[in-house]
Amino acid sequence: MTQTSEAAHAEMFAALCREVGFCLHPKGEKRVLEALPNGLDAAVRAVFDAEGVDFASATGDLRRAVRDCLKANLPAV
């Protein structure tokens, strides 16, 4: 990812931290950015992996909250 791409996604990660409580470290953010081209669901799984939370045992509400937050804050390309 380029510096510009990372800066464009900064607000998305800030919102994820504020709204859902998943404050990812730079390596975690990179994993999510690498997963985004594979779709929003892949990015959601990457968020859970980066945060160390088991995706399968997470509640549907939490998974939906992460997905909705990512979708609402994706930068326009």
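Residues numbered from 1 in each chain as written. Predicted model: local features only at pLDDT ≥ 70, side-chain atom pairs only at ≥ 80, totals over all residues. Heavy atoms only, no water.

*Asks:* Can you help me understand the confidence of the model for the protein in this one?
*Replies:* Interpretation of the predicted coordinates at a detailed level should be avoided for regions scoring low in pLDDT. In the predicted model, the protein carries a mean pLDDT of 92, and 92% of its residues have values of at least 70. Mean pLDDT across the secondary structure elements of the protein bottoms out at helix α1 (residues 3–8), with 68, and peaks at helix α4 (residues 40–51), with 97. (pLDDT = per-residue confidence, 0-100. Helix = DSSP H or I, 4+ residues; strand = E, 2+ residues; numbered from the N terminus.)

*Asks:* Would you explain the packing of helix α2 (residues 10–20) against helix α5 (residues 60–73) in this entry?
*Replies:* The geometry of a pair of packed helices is captured by two quantities: the angle between their axes and the separation between those axes. Orientation of α2 relative to α5, taken along the N-to-C sense of each, is 145°, at an axis distance of 9 Å. At the point where α2 passes α5, the crossing takes the right-handed sense. For the pair formed by α2 and α5, the contact residues are Met 12, Ala 15, Leu 16, Glu 19 and Val 20 on the first element and Leu 62, Ala 65, Val 66, Cys 69, Leu 70 and Asn 73 on the second. For the contact of α2 with α5, a count of residues per class yields 9 nonpolar, 1 polar and 1 charged. (Axes fitted to C-alpha atoms, helices over the stretch in contact; angles between N-to-C directions. Left-handed = near helix turned anticlockwise from the far one by under 90°. Contact = heavy atoms within 4.5 Å. Nonpolar A, V, L, I, M, F, W, Y, C, P; charged D, E, K, R; others polar.)

*Asks:* Is there a simple way to explain α4 in this structure?
*Replies:* What sets the pattern is the α-helix's 3.6 residues per turn: residues three or four places apart point alike. Between its first and last C-alpha atoms α4 spans 17 Å; for 12 residues at 1.5 Å apiece the expected length is 16 Å, and the two agree. Among the residues making up α4, those that are buried are Leu 40, Ala 43, Val 44, Ala 46, Val 47, Phe 48 and Ala 50. Check the buried side of α4 and you find it contacts α2, α3 (26–35) and α5. Of the residues trailing α4, Gly 52 is marked for its positive phi of about 80°. (Expected span 1.5 Å × (residues − 1). Buried < 20%, exposed > 50% of the residue type's maximum accessible area, 1.4 Å probe, protein only.)

*Asks:* Is there a simple way to explain the pattern of salt bridges in this structure?
*Replies:* Close approach of charged atoms lets side chains of opposite charge pair. Under the defined criterion, the tally for this structure stands at 4 salt bridges. Glu 11 serves as the salt-bridge partner of Arg 18, at 2.9 Å between the closest nitrogen and oxygen. Take Arg 18: its relative accessible area is 55%, and that puts it in the exposed class. Two residues, Glu 34 and Lys 30, come together in a salt bridge whose shortest N-O distance is 3.6 Å. Here Glu 34 pairs with Lys 30, and both are found in helix α3, just 4 residues apart, close to one helical turn. For Glu 34, a relative accessible area of 46% gives the class partly exposed. Judged by relative accessible area, Lys 30 falls into the partly exposed class, the value being 45%. (Salt bridge = Lys/Arg side-chain N within 4 Å of Asp/Glu carboxyl O.)

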